Each structure stands twice: as C-alpha cells, then as structure tokens.
Amino acid sequence: MTDGDRARRREPTADGYSDEEYVEPVSAAEAARAGLRQLVELTGREPSVTTSLEATEDGWLVGVEVVETRRIPNSTDLLGLYEVELDVEGNLLGYRRVRRYQRGKSEVD
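Reading the values: rules and limits
Residues numbered from 1 in each chain as written. Predicted model: local features only at pLDDT ≥ 70, side-chain atom pairs only at ≥ 80, totals over all residues. Heavy atoms only, no water. Helix = DSSP H or I, 4+ residues; strand = E, 2+ residues; numbered from the N terminus. Polar contact = N/O pair within 3.5 Å; in protein donor to acceptor, adjacent residues only side chain to side chain. Salt bridge = Lys/Arg side-chain N within 4 Å of Asp/Glu carboxyl O. Buried < 20%, exposed > 50% of the residue type's maximum accessible area, 1.4 Å probe, protein only. Core = buried A, V, L, I, M, F, W, Y, C linked by side-chain atoms within 4.5 Å.

We now examine the environment of Thr-43. Turning to its location among the elements, Thr-43 is positioned in helix α1 (residues 28-43). Taking C-alpha positions, Thr-43 is 9.5 Å from Glu-68, a pair spaced 25 residues apart along the chain. Within the structure, Thr-43 has its side chain in polar contact with the backbone oxygen of Leu-39 (distance 2.9 Å). From its side chain, Thr-43 meets the backbone nitrogen of Arg-45 in a polar contact 3.2 Å long.

This is the structure we're talking about:
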C-alpha cells in the first residue's frame with residue numbers, strides 16, 4: 001500500500017459513525033521505507049541503510065544513514081545519521097542530523 005492508498009474508514013460509535021475519519025497506520029516496514037525515501041528526496045544524499053525504527057505516540061521515528069561525502073578509499077566516506085519523524089500515515093513531520101562520522105571509524109561511547 002502506498003502513501004496515497006491508505007485505507008480511510010469511519011470509526012464506529014454507539015450511534016453509527018463518528019465525524020472523525022480513522023486512517024489505517026502504516027506498518028513498520030512501510031514506515032522504514034517512507035523515512036528513507038523522504039529523507040533522500042529532501043537532502044539529495046545517497047542512502048546507505050535504515051539503522052533504527054521506533055513506534056512513537058504520534059507515528060514513527062526512523063534512523064537513516066546516508067553518504068554525505070564520497071572519498072577514496074570508501075572506508076573514509078563521510079556518513080550522516082538522521083532521525084526522520086513520521087506521522088501514523090507515513091507522512092514526514094520533520095528530520096534532523098544527529099551524528100556525522102567517517103565510515104571506517106569505530107563507534108566509541
């Protein structure tokens with residue numbers, strides 16, 4: 001199901017249906033794909049991988065790694081880790097870069 005194909009239906013109440021529409025939320029896999037796709041469209045960066053996915057009260061938080069600068073050898077590429085916030089339908093609410101690092105460097109906390 002694509003973003004535009006979301007099934008809309010009314011939520012039943014004791015008297016029939018309420019005036020508010022119910023929108024079927026995207027699945028975890030759809031949210032991960034939507035986060036990656038939307039970040040790449042906005043930044044023009046080359047996608048690397050989806051690194052995390054978390055359900056939130058308002059939708060999804062997707063971690064996406066992108067290649068920010070290509071270098072030779074590629075183990076020295078500069079990567080960016082972004083958090084992409086989506087609503088329950090998979091629409092973009094916002095994004096931010098949370099980390100920038102060299103591919104070949106190990107993570108130290």
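Let us now look at the pattern of salt bridges. Within this structure, the stated rule accounts for 7 salt bridges. The salt bridge involving Glu-68 is made with Arg-100; its shortest N-O contact spans 2.7 Å. Of this pair, Glu-68 sits in strand β4 (residues 59-69) while Arg-100 sits in strand β6 (residues 92-102), and the two are 32 residues apart along the sequence. Residue Arg-100 is classed as partly exposed on the basis of its relative accessible area, which comes to 44%. Between Arg-70 and Asp-77 there is a salt bridge, with its nearest N and O atoms 2.7 Å apart.

Residues Val-26, Ala-31, Ala-34, Leu-39, Trp-60, Val-62, Val-64, Val-66, Tyr-82, Val-84 and Leu-86 constitute the largest nonpolar core, which totals 11 residues. Mapped by element, the contributors of at least two residues to this core are α1, β4 and β5 (78-87). Ranked by residue count, the leading element in this core is β4, at 4 residues.

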